[in-house]
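# Examination of the molecular architecture
This is what each chain is made of:
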Amino acid sequence: MEDELNIGGNITILKYHAVLAGSISGLKPLKVWMATTTATAFASTSDWLPLSEFTLVFDGNIDFSGLSGEVELSIPLTTPFTYTGDNLCVMVNRPHDSQYYSSSEKFKNTATPYYPNRNLCAFSDTIEYDPNALPAGIFASAVHNTTFMFTTSGLATLTGTVSSTGSPLANATVSIEGTTKTTQTNAQGVYQIPYLTPGTVNLTATHYGYNDTQIEGVVLTADQTTNQNINMTPMTTITVSGQVVNNVTGAAVEGALITLDGYEYYEVYTDATGAFTFPSVYSGQTYQLKVLKPGYQFYTMDLTVGTTNMTVPDIMVSGSPSIVEALVGDPNTTTTTYSYPVNFFYKSSISQAIYMADELSSEYYLGAGTPITQISYNMNLGGNIPANKPLKVWM
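Residues numbered from 1 in each chain as written. Predicted model: local features only at pLDDT ≥ 70, side-chain atom pairs only at ≥ 80, totals over all residues. Heavy atoms only, no water.

## Section: the sheet that holds strand β17 (residues 199-206)
Spatial ordering of the open sheet is given by β15-β14-β17-β18, a layout of 4 strands whose pairing is antiparallel. In this open sheet, the two strands that pair with only one neighbour each are β15 (182-184) and β18 (213-220). For this sheet, the mean inter-axis angle between neighbouring strands, taken without regard to orientation, is 25°. Note that strand β14 (residues 173-176) and β15 share 3 bridges and pair antiparallel. Residue V174 lies in a different strand from β15, and its bridge partner there is T183. (Pairing = 2+ DSSP bridges. Helix = DSSP H or I, 4+ residues; strand = E, 2+ residues; numbered from the N terminus. Axes fitted to C-alpha atoms, helices over the stretch in contact; angles between N-to-C directions.)

## Thoughts on the packing of aromatic side chains
Scanning all chains against the criterion turns up 10 aromatic pairs. Taken together through their ring pairs, the aromatic side chains of Y266, F276, F278 and Y287 make up a single cluster. (Phe/Tyr/Trp six-rings, centres within 6.5 Å; stacked < 30°, edge-to-face > 60°.)

## Let's talk about the side chain of S241
Tracing the chain through its elements places S241 in strand β21 (residues 237-246). Exposure remark for S241: the relative accessible area of 18% places this residue in the buried category. Each residue touching S241, except ones within four places of it in the same chain, is listed here: F276, T277, M310, T311 and V312. (Buried < 20%, exposed > 50% of the residue type's maximum accessible area, 1.4 Å probe, protein only. Contact = heavy atoms within 4.5 Å.)

## Observations concerning the pattern of salt bridges
Within the structure shown, the criterion is met by 5 salt bridges. K15 serves as the salt-bridge partner of E72, at 3.6 Å between the closest nitrogen and oxygen. Here E72 is found in strand β4 (residues 69-83), whereas its partner K15 is found in strand β1 (residues 9-20), with 57 residues between them in sequence. Close ionic contact of K108 with E70 constitutes a salt bridge, the shortest N to O distance being 2.9 Å. Here K108, found in the loop between β6 (106-107) and β7 (109-111), pairs with E70, found in strand β4; they are 38 residues apart in sequence, far enough to count as distant. (Salt bridge = Lys/Arg side-chain N within 4 Å of Asp/Glu carboxyl O.)

## Let's talk about the sheet that holds strand β3 (residues 55-63)
Taken together, the 3 strands give an open sheet; going across it, the order is β3-β2-β5, and neighbouring strands pair in antiparallel fashion. Because the sheet does not close on itself, it has two edges, and the strands there are β3 and β5 (87-93). When the angles between neighbouring strand axes are averaged without regard to direction, this sheet yields 25°.

## Thoughts on the confidence of the model for the chain
When pLDDT is averaged across the chain, the result is 91; 97% of the residues are at 70 or more. Mean pLDDT values for the elements of the chain range from 84 in helix α1 (residues 2-5) up to 98 in strand β20 (residues 230-231). (pLDDT = per-residue confidence, 0-100.)

## Overview of unusual backbone geometry
In the segment running from Y340 into P341, the intervening peptide bond is cis, with an omega of 0°. Take P341: it is sitting in the segment after β28 (315-317). Here N171, not a glycine, exhibits a phi torsion of approximately 65°, which is positive. Mapped onto the fold, N171 is located in the loop between β13 (167-168) and β14. Of note, the phi angle at D223 is positive, near 60°, even though the residue is not glycine. In this fold, D223 is placed in the loop between β18 and β19 (225-227).

## Examining the environment of P390
On the secondary structure map, P390 appears in the segment after β28. Residues P390 and S351 lie 39 residues apart in sequence; the distance between their C-alpha atoms is 15 Å.

## Digging into the pairing of β21
Extensive coverage of β21 is indicated by the burial of 7 of its 10 residues. As judged from the 6 bridges shared by β21 and strand β24 (residues 275-282), these two strands associate in the antiparallel manner. Bridged to T237 within β24 is Y282. Two strands pair when backbone bridges link them, and β21 and strand β27 (residues 310-311) are joined in this way by 2 bridges, in the parallel orientation. Residue pairing in the sheet places S241 in a bridge with T311 of β27. Two elements, β21 and β28, share 3 bridges in a ladder whose sense is parallel. Bridge assignment links V245 to a residue of β28, and that residue is M316.

Structure representation (structure tokens):
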């Protein structure tokens, strides 16, 4: 993974850490390919990266003569691989051999449960594998203990300071567009991105509460450090106001919770006139506005905030009926069970079921403290249960 390599440059040597028993001797052919990828796992046992994405970096023989015990199996790449970011995929092929070797010839690996299915492999006594048409393999959530030898000559470094109105900005994110290369500024607003391929790049700087800033045409020169300072401007804020009204009576709806959720989260309650005001909302963003009031219908709308103060048109909400139903589950399901919530196949039963807060919803807002007055279970009955069977229910 990129965060495991945490470097860039030309990969010239690949070393696998192994514990060998000495049964392999002489020259043995190997092929090695490398590719960069954004994938962190193989989606299925047939999800091999296509050969077209790889570069053949070694096609030759490795001398196993005298290799026994703990060794570093060194593979000098005939074609160095330029690595500048993303995750790295290495494909190794041992052509079909006429001989068996001891199962004690082993490679060291490290379990990485936080990166499951990162390793896909296949092996056979009869198949000569074609990298263009690989069969289903098997997964492993471990990484080979591998040393990559890099040369960093010929690469470039980018550095600079991110500031606003003359003051440095800590924790600003600076990214090179079209790559995965990104970093954050330190407490002094300074950033640095090493091991870059020479050329011309575009930068993007982001920081919460500031407008995104693009810098185009930054020239990176081999074996040199390019300094590019970035100035960011604070985002402006505006006032968003409006009024909530009962759509039947026209009366103001007092005490409704109004939320704006998007770039930032804001909330406020309507006053006695149904009015609300958000005094300082980040401009140039799209928010979701919600009206929440027990006894009233949910109200949701997308609100695009410009750069000037805005008044939302009157929000009309409907009052809820005296009884509101909230169905949890699929009304069209055909799946049934006799096991729960009440089991009549056995002579007694007990069960507990957890209903999620986001499931207990309807088109009307059910605020905290709303009483539940009745439960209905949907059933398919055979008609053999007589009337008046006792039940107990707790919540």
